Amino acid sequence: MPVLDPNPQNGQRKMLLVFGSFFAIFIVIAIIATIASP
């Protein structure tokens, strides 16, 4: 079973969405930290 399925099942799509949102939040926090740092 490939990690990135072209047609993922419902559970895999949900897991991918959770990882994607977590990664996006991490990037936003990193950008805010970079701007806030002197």
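Residues numbered from 1 in each chain as written. Predicted model: local features only at pLDDT ≥ 70, side-chain atom pairs only at ≥ 80, totals over all residues. Heavy atoms only, no water.

- The chain goes by SGM_5486 family transporter-associated protein in an unreviewed UniProt entry, where it is assigned to Streptomyces hokutonensis.

## Points about the overall build of the chain
Here is step 1: If you tally the helices and strands in the chain, you get one helix and zero strands.
Here is step 2: The burial tally for the chain puts 5% of its 38 residues in the buried class.
Here is step 3: Carbon and sulfur atoms make up 77% of the accessible area of the chain, which amounts to about 3700 Å² in all. (Helix = DSSP H or I, 4+ residues; strand = E, 2+ residues; numbered from the N terminus. Buried < 20%, exposed > 50% of the residue type's maximum accessible area, 1.4 Å probe, protein only. Areas by Shrake-Rupley, 256 points an atom, 1.4 Å probe, with all protein chains shown as cover.)

## As for the UniProt feature "transmembrane region" (unreviewed entry) in the chain
Here is step 1: As annotated by UniProt and renumbered to match this structure, "transmembrane region" (unreviewed entry) occupies residues 16-36.
Here is step 2: Taken end to end, residues 16-36 is 100% helix and 0% strand, and its two terminal C-alpha atoms sit 30 Å from one another. (UniProt positions renumbered as here; feature names shortened; annotations may be inferred.)

## Here we look at a nonpolar patch on the surface
Here is step 1: Residues Phe-23, Phe-26, Ile-27, Ile-31 and Ile-35 make up a contiguous nonpolar surface patch of about 550 Å² in total accessible area.
Here is step 2: Locating Ile-27 in the fold gives a position in helix 1 (residues 10-36). (Patch = residues over 30% accessible without salt bridge, like charges linked within 9 Å, V, L, I, M, F, W, Y side chains within 5 Å. Salt bridge = Lys/Arg side-chain N within 4 Å of Asp/Glu carboxyl O.)

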